[in-house]
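Spelled out, the chains give:
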Amino acid sequence: MSPLDRIANVSILKQHEVDKLYKVDNKPALSSNEQLCFLVRPRIKNMRYIANLVNADKVAGRTRRYKVIFSPQKFYACEMVLEEEGIFGDVSCDEWAFSLLPLDVDLLSMELPEFFRDYFLEGDQRWINTVAQALHLLSTLYGPFPNCYGIGRCAKMSYELWRRLEEEEDGETKGRRPEIGHIFFLDRDMDFVTALCSQVVYEGLVDDTFRIKCGSVDFGPEVTSSDKSLKVLLNAEDKVFNEIRNEHFSNVFGFLSQKARNLQAQYDRRRGMDIKQMKNFVSQELKGLKQEHRLLSLHIGACESIMKKKTKQDFQELIKTEHALLEGFNIRESTSYIEEHIDRQVSPIESLRLMCLLSITENGLISKDYRSLKTQYLQSYGPEHLLTFSNLRRAGLLTEQAPGDTLTAVESKVSKLVTDKAAGKITDAFSSLAKRSNFRAISKKLNLIPRVDGEYDLKVPRDMAYVFSGAYVPLSCRIIEQVLERRSWQGLDEVVRLLNCSEFAFTDMTKEDKASSESLRLILVVFLGGCTFSEISALRFLGREKGYRFIFLTTAVTNSARLMEAMSEVKA
Amino acid sequence: MDCYTANWNPLGDSAFYRKYELYSMDWDLKEELRDCLVAAAPYGGPIALLRNPWRKEKAASVRPVLDIYSASGIPLASLLWKSGPVVSLGWSAEEELLCVQEDGAVLVYGLHGDFRRHFSMGNEVLQNRVLDARIFHTEFGSGVAILTGAHRFTLSANVGDLKLRRMPEVPGLQSAPSCWTTLCQDRVTHILLAVGPDLYLLDHAACSAVTPPGLVPGVSSFLQMAVSFTYRHLALFTDTGYIWMGTASLKEKLCEFNCNIRAPPKQMVWCSRPRSKERAIVVAWERRLMVVGDAPESIQYKQLTIQVLLDRLVLRRLYPLAIQICEYLRLPEVQGVSRILAHWACYKVQQKDVSDEDVARAINQKLGDTPGVSYSDIAARAYGCGRTELAIKLLEYEPRSGEQVPLLLKMKRSKLALSKAIESGDTDLVFTVLLHLKNELNRGDFFMTLRNQPMALSLYRQFCKHQELETLKDLYNQDDNHQELGSFHIRASYAAEERIEGRVAALQTATDAFYKAKNEFAAKATEDQMRLLRLQRRLEDELEGQFLDLSLHDTVTTLILGGHNKRAEQLARDFRIPDKRLWWLKLTALADLEDWEELEKFSKSKKSPIGYLPFVEICMKQHNKYEAKKYASRVGPEHKVKALLLVGDVAQAADVAIEHRNEAELSLVLSHCTGATDGATADKIQRARAQAQKK
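Residues numbered from 1 in each chain as written. Chains lettered and ligands numbered in written order. Predicted model: local features only at pLDDT ≥ 70, side-chain atom pairs only at ≥ 80, totals over all residues. Heavy atoms only, no water.

Looking up chain B in an unreviewed UniProt entry gives the name Vacuolar protein sorting-associated protein 16 homolog, with the organism given as Carlito syrichta. UniProt annotates chain B under Sequence similarities (unreviewed entry) with the comment "Belongs to the VPS16 family." (UniProt positions renumbered as here; feature names shortened; annotations may be inferred.)

As named in an unreviewed UniProt entry, chain A is Vacuolar protein sorting-associated protein 33B isoform X1, taken from Carlito syrichta. What UniProt records for chain A under Sequence similarities (unreviewed entry) is the sentence "Belongs to the STXBP/unc-18/SEC1 family."

K.L.:
What am I meant to see in helix H9 (residues 202-210) of chain A here?
P.N.:
Residue and element names in this part refer to chain A. Of all the 9 residues making up H9, 8 are buried; the element is thus mostly covered by neighbouring parts of the structure. Every buried residue of H9 is accounted for by Tyr-202, Glu-203, Gly-204, Leu-205, Val-206, Asp-207, Thr-209 and Phe-210. Among the residues trailing H9, Arg-211 stands out with phi positive, at a value near 65°. (Buried < 20%, exposed > 50% of the residue type's maximum accessible area, 1.4 Å probe, protein only. Helix = DSSP H or I, 4+ residues; strand = E, 2+ residues; numbered from the N terminus.)

K.L.:
Even after reading the chapter, I still don't get the interface of chain A and chain B, so can you show me in this structure?
P.N.:
Each partner contributes to the interface: chain A provides 49 residues, whereas chain B provides 48 residues. Here chain A and chain B share an interface that buries about 4,200 Å² over both sides, 52% of which is from carbon and sulfur atoms. Its salt-bridge partner being Glu317(A), residue Lys642(B) comes within 3.6 Å of it at the nearest N-O pair. For the side of chain A that touches chain B, the secondary structure elements donating two or more residues are helix H3 (44-59), helix H4 (76-84), helix H6 (126-142), helix H7 (153-168), helix H14 (313-327), helix H15 (331-343), helix H17 (367-381) and helix H18 (385-395) of chain A. (Contact = heavy atoms within 4.5 Å. Buried area = accessible area lost by both parts, 1.4 Å probe. Salt bridge = Lys/Arg side-chain N within 4 Å of Asp/Glu carboxyl O.)

K.L.:
Quick question: what am I supposed to make of the packing of H4(A) against helix H10 (residues 427-440) of chain B here?
P.N.:
A pair of packed helices is captured by two measures, namely the crossing angle of their axes and the spacing between those axes. Running from N to C, H4(A) and H10(B) cross one another at 45°; their axes reach a closest spacing of 8 Å. The angle between H4(A) and H10(B) places the two elements in the oblique class. Residue-level contacts link Tyr76(A), Ala77(A) and Met80(A) of H4(A) to Asp428(B), Phe431(B), Thr432(B) and Leu435(B) of H10(B). The residue makeup of the contact of H4(A) with H10(B), split by class, is 5 nonpolar, 1 polar and 1 charged. (Axes fitted to C-alpha atoms, helices over the stretch in contact; angles between N-to-C directions. Parallel < 35°, antiparallel > 145°, perpendicular 65-115°, else oblique. Nonpolar A, V, L, I, M, F, W, Y, C, P; charged D, E, K, R; others polar.)

K.L.:
Please clarify how the nonpolar core should be interpreted in this entry.
P.N.:
As a rule of thumb, nonpolar side chains are buried together in soluble globular proteins. In this structure, Leu135(A), Phe185(A), Tyr202(A), Leu397(A), Leu524(A), Ile363(B) and Leu434(B) are the most contacted members of the largest nonpolar core, which totals 249 residues. By residue number, the principal contributor to this core is helix H13 (residues 275-310) of chain A, which donates 9 residues. When near neighbours in sequence (up to four residues on either side) are disregarded, Leu524(A) contacts Leu135(A), Leu138(A), Phe145(A), Ile180(A), His182(A), Ile183(A), Phe184(A), Ile551(A) and Leu553(A). Membership of the second largest hydrophobic core comes to 38 residues, among which are Leu543(B), Ala589(B), Phe602(B) and Ala643(B). (Core = buried A, V, L, I, M, F, W, Y, C linked by side-chain atoms within 4.5 Å.)

K.L.:
Mind showing me how you'd approach the sheet that holds strand S15 (residues 179-185) of chain B here?
P.N.:
Pairing between the strands of a sheet comes from backbone hydrogen bonds, and it takes one of two forms, parallel or antiparallel. Residue and element names in this part refer to chain B. On the basis of which strands lie adjacent, the open sheet formed by 4 strands has the order S15-S16-S17-S18 and antiparallel pairing. Only two strands of the sheet have a single neighbouring strand rather than two, namely S15 and strand S18 (207-210). Strand-to-strand twist in this sheet, taken as the mean axis angle between neighbours without regard to direction, amounts to 30°. Bridge count between strand S16 (residues 188-195) and strand S17 (residues 198-202): 5 bridges; the pairing is antiparallel. By the bridge assignment for S17, Ile-191 is matched with Leu-202. (Pairing = 2+ DSSP bridges.)

Here it is, written out as C-alpha cells:
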C-alpha cells in the first residue's frame with residue numbers, strides 16, 4: 001500500500017476521471033491520454049523521467065498537458081533540471097504539502113523512507129524543513145509543547161527550524177492550552193543497535209517477515225490458506241491484532257488458540273437457544289463473531305507462516321548470536337558464525353546486518369576481521385558492495401577499530417564542535433571521529449542488559465527488555481525513559497558524552513502552567529531516520545507502567561532490512 | 001430675528017437647498033482653473049494642477065508646471081514638466097498621480113511629487129497618439145482607458161498589474177465619439193460610447209449596439225454621459241436637452257428630465273451624500289449649475305476602511321498621528337503600529353543627507369524587534385535608493401536569515417548570501433544561492449567557496465551525481481578526495497561503461513585512486529574484480545552460459561553446476577577461496593545437482609573443515625534420508641545429537657545425550673519425543689535425569 005492509497009485509492013481517483021495509474025520508474029507510461037499528471041517526490045531522477053517522457057512526445061509531434069505535483073514540496077533544483085532539459089515551459093508545477101499520515105491511533109508517519117539515506121549517508125538536509133513544517137502543523141492543532149528534549153544533530157536542527165516557524169507566526173499558538181506536554185527528538189544514528197536487532201514482538205516480526213507498508217500488509221496464500229493474497233490493515237481497529245501486537249512472539253500462539261477456544265464457545269452457545277434467542281444471536285452477535293473469526297484465522301495463518309520460517313534452528317542460532325553480541329560474550333564464536341553466514345550466502349542483507357551489529361557493539365571491527373569479513377562478503381555477494389562498505393563506513397555502521405578504545409578528551413571536544421552548526425567547516429573526514437558507538441560503555445551505564453536471575457517471564461514482562469526476549473533494553477527507549485524521569489539530561493552527562501551527540505532540553509514554565517495534568521502525561525516522540533515496531537512496543541509498555549501516553553512521529557517505520565537496503569549499492 | 005431658513009433656496013416645487021462654504025482654499029492661484037489640467041483624488045485626496053498644459057508657443061519659459069495641493073489647497077509639491085505633452089491627469093486609488101502623455105506613456109508620481117515609475121500603453125497608442133484618456137477606479141484597482149487618434153480604445157484595468165487590452169473596432173467609426181465612459185460590470189471593464197444617435201458597448205471581444213430603455217425618440221446625438229462612482233448608475237445628456245437616468249446595465253430607467261438647454265454641458269457628475277437615499281446628478285455649464293435627482297431605495301456607499309485611512313496618513317508622512325490612531329483604536333501591532341513604523345523606516349532610508357550608520361541606528365532604535373516589521377523589506381528599499389551599504393547594515397537586524405538571502409543575491413553579495421542561506425537551514429534556498437554563485441564565479445573560485453561550506457558542498461554533490469557527473473569528478477579531484485574518486489570510477493564501471501575494456505579501464509583508474517587514498521583493501525579488491533571480469537569474459541567465450549557480473553562465489557558454483565569441476569578448482573586456487581567457503585559451496589552445488597556419488601567422494605577427499613553436520617542438513621533438505629544417515633555417523637560428538645535427531649533416530653540420539661550427561665541435549669531429545677513410538681525413549685531419558693539428580 002502506498003500513502004496515496006491511504007488517502008485516495010484507485011476507485012476514488014477513477015471517480016475523478018483518472019484514467020490510469022502508472023508507477024514512476026524507468027519504464028515509459030504508455031498512455032494515450034491528453035493529460036498526464038505526475039505526483040512525485042522532488043528528486044532529480046524523477047525530473048529526468050518526466051523530461052524523457054515529454055521530450056519523446058515532442059519528437060513524436062504530440063501535444064499533451066503535463067502537470068507535476070511535488071510532494072511534500074517543490075525544490076528549486078528540480079525546476080532547474082526541468083529547465084535544463086528544455087521542458088520547463090511545457091509543464092505546470094504544483095505542490096502538495098502532505099507531510100503527516102496517521103497510521104494508527106498513536107502513530108504518525110511522514111512516509112519518507114529516503115530520509116535515512118539522504119541525511120545520515122549523503123548529509124542532505126532537505127527534509128529537515130519538512131519535519132519542521134509537520135511539527136508546526138501539529139502545534140497549530142494541539143497547541144504549544146511546554147517541554148522539549150532531544151538528542152542528535154538533526155534533532156537539534158529540526159527543533160530550531162521548527163521554533164523559528166513558530167516565532168514567525170506567533171499569535172496562532174500563543175495563549176493556547178498545550179494538549180501535548182512533552183516532545184522528544186531522537187536521531188536514528190544515536191541508536192543503530194536497536195534497529196539492527198531481529199524483532200520478536202508480533203508487530204515487529206510481521207514487519208520483518210511480510211513487510212508492513214503504510215500500515216497494511218500483504219498476506220500471501222501461505223497465510224490466507226486460499227489461492228489469493230489479502231491486503232490487511234494492521235492497526236488498533238483490528239481487535240485481535242491490537243491484543244497481540246505488542247506481545248512477545250512466544251505468547252502469541254497460545255493467546256490465539258485460547259481466543260479460538262473462546263470463540264468456539266461463543267458459537268456453541270447457540271445450541272441451547274430457542275428461536276427468539278437465536279434471532280437475537282444472529283442479528284447482534286454473529287457478525288462480530290464472524291469478523292473476529294476472520295481476523296483470528298488470518299493471524300493464526302501469519303503465525304504459522306512465521307513459525308515455519310523462524311522456529312527453525314537457524315533462527316534460534318541467529319538470536320543466540322545477536323544476544324551474544326549485545327552482551328559482548330564469545331565474540332570469536334559470533335564472528336565465525338557471521339563468516340559462515342556469509343560463506344553460505346544465506347542472505348546479503350542479513351549478513352550485512354550481522355556485520356554491522358558486530359561492528360557497533362564492538363566499537364568497530366578489529367583490522368583482521370574488518371578485512372576478512374569484507375573480502376568474504378565481496379566474494380559471496382558481488383564486488384559492487386565495495387561501495388556499500390564505503391557507505392556503511394561513512395554512516396558509522398561498519399568501521400574499523402581505531403587503536404585506543406575510548407574517545408580521548410580532544411576527540412570528544414572536536415566531535416562536540418562537529419555537532420554544532422556553527423562549526424560546519426570541519427571536513428567530512430574529521431567528522432567520522434564522531435561516529436564511535438561506545439555501545440559497551442553506554443550499555444553498562446544505562447543497564448541495558450538486565451541481570452538474569454532465573455527465567456525471564458515473557459508473559460509478564462518486567463521491563464522494556466521483553467521486546468528482545470529479555471536480553472536487551474532498547475537504547476533509544478531507555479534514554480527517553482531516563483530523560484522523562486529527570487525531566488532533563490541532568491546526571492546523564494557521561495552517557496551524552498559517550499553517545500557523542502549534542503543534547504538539549506527546554507522547558508517553558510508559562511506554557512506548562514497552562515497544561516492540564518492529563519496533557520502533561522502525553523509525550524510525542526519524534527524519530528528522525530525511522531523507528532521500529534519494537535521501539536514502539538517498548539514505549540507503549542513503558543507508558544502503561546509509568547502512566548504516560550506516547551505518540552510516535554517518525555519519518556518512516558523502519559527495520560534492520562530497510563536500514564541495510566538503504567545503505568546498499570545495487571547495480572543499476 | 002434669526003431666520004433659519006434665510007439661506008435656503010427653493011429647488012423646484014417641494015425641495016430647498018442651501019449653499020455654504022465648508023472651508024476656503026489656501027492656495028493662491030494665478031491662472032484660471034479652466035486653463036489647467038486638474039485632477040482631484042477621491043475621498044478628499046490631493047489635487048493636481050498642470051499649468052500651461054498646451055504650450056502652443058515654443059518658448060521654453062512657458063513650460064508646463066505641475067502643482068500638487070492638499071484638498072484644502074496647501075501646496076505639497078511643484079515641479080517643472082519636462083516630459084512630453086500631457087493629455088490627461090488622474091489619481092490612482094493608492095494616491096499616485098498618473099499623467100497620460102500624448103505618446104501613450106504614463107508617468108507615475110507620488111503625492112509629494114516624487115517620480116515613481118512610468119509605463120507605456122503600447123505601440124498602437126504610440127503610433128496613433130492619445131486623443132483622450134480616462135483614469136478610472138474599480139474594486140480591483142485603478143485603470144487607464146485611452147482613445148487613440150485612430151479611434152480605437154486601449155485600456156488597462158489595473159495599473160498595478162499592467163495588462164494592456166486593445167478593444168475591438170467600432171464598425172464605421174470615422175470620427176471621435178461625441179462622448180464615452182468606462183463601465184465596470186461583473187468584474188469586467190467595458191467602454192460605453194456614443195456615435196450620433198447610437199450607443200455602443202465595447203467589451204474585450206465584441207462591440208454591440210445598445211439602447212437605454214424608455215429613451216425618448218428624436219435624439220440625434222448624446223452630448224454627455226456620466227457613470228456613478230459605484231458603476232451602478234448612468235446618466236445621458238442628449239442634444240435635445242433631455243436627461244436620461246438609469247442603471248448602468250441599461251436595463252432600467254430611473255427617471256428622465258428635460259431641461260430645455262441644448263448647449264453641451266461642461267461637466268455632468270453623479271452626486272450623493274453617504275448613506276443618503278437620494279441620487280442625483282449635477283450638470284454644469286459655463287454659468288449654470290443644475291441638480292437633477294430622484295429619491296428611490298437606499299444606496300449604501302462603501303466607506304474608507306481604517307486601513308485605507310492609515311495608508312493615507314502614511315502617504316502624507318504623518319507617522320505620529322497614524323500611530324496615535326492605531327493605539328487609540330487598539331489595532332493589533334502587526335496591522336497597526338508595526339506597519340506604520342516600517343513605512344517610516346522606508347522613508348527614513350531615503351534621507352540621503354544622513355549617514356548609513358545613523359540611519360541604521362535610528363531605525364533599529366525605533367523598531368527594535370517589533371513583530372511584523374521586516375528589516376529585509378526596509379533594506380530592499382534602501383538598496384532601491386542606491387544605498388547598498390545601508391541595506392547590508394539593515395539586513396543584519398533581520399532575524400530570519402532566509403529573508404536576507406534574496407536581497408543579498410540582488411546586491412551581488414552571493415557568498416554572504418550563501419552563509420545566510422545555510423544558517424536558515426533551508427536547503428532549497430542554499431541551492432538557489434549555489435546556482436547563482438556558479439554563474440557568477442569562475443569554476444575555481446566556486447569550488448573554493450564550496451570547500452568551506454560542507455553542507456553546500458554535499459548538496460551540490462547530490463545535484464552533480466544526477467546531473468553533472470564530470471563536475472562531480474572535478475570536485476573530488478580538487479579536494480584530493482581519492483577515496484570518493486575511487487568509488488566514482490567503480491560506479492562508472494557498472495553504470496556508465498558497457499564494453500568490457502571500458503569497464504576494466506574504469507576499475508584500473510579506481511585502483512589507482514584507492515592506492516592514492518591509502519585504501520589498500522579497496523585497491524586489492526578492485527584488482528581482483530578486474531581479474532574476475534576478464535576471466536568471466538573468457539569463460540563466456542569458451543563455455544556456454546552467463547558469467548559476467550556474477551560474484552566469485554556464484555561463478556564457481558555455476559562452473560560446478562555446469563560440470564566444469566577442474567575449472568572451478570583452478571578458479572578457487574587463483575582467487576584463494578578459503579577452504580570453508582569452498583566446502584560450503586561444493587556441498588550446496590552437488591546437492592543441488594543431486595550428485596550423491598560425487599558428494600560422497602568429495603566428503604572423503606579430506607577432513608571437512610566445516611564438519612559433517614552440514615552434509616546431514618543438506619541431504620535432509622533434499623529429502624534424502626539415506627544419504628543423510630551416511631554422514632550422521634561421521635558428525636563429531638558436539639553435534640552428534642542434533643545430527644541423529646535430524647535423520648529421525650530419536651533412540652540413538654537419546655543414548656548419546658545420556659552418555660554425554662548433557663542436560664540441554666537431553667531436553668532437546670525429549671522435545672522430539674512424540675507419540676507412542678518414542679514413549680520408551682522418553683522414559684529412558686527421564687530415568688537418566690533422575691539418576692543424574694540423585695548424584
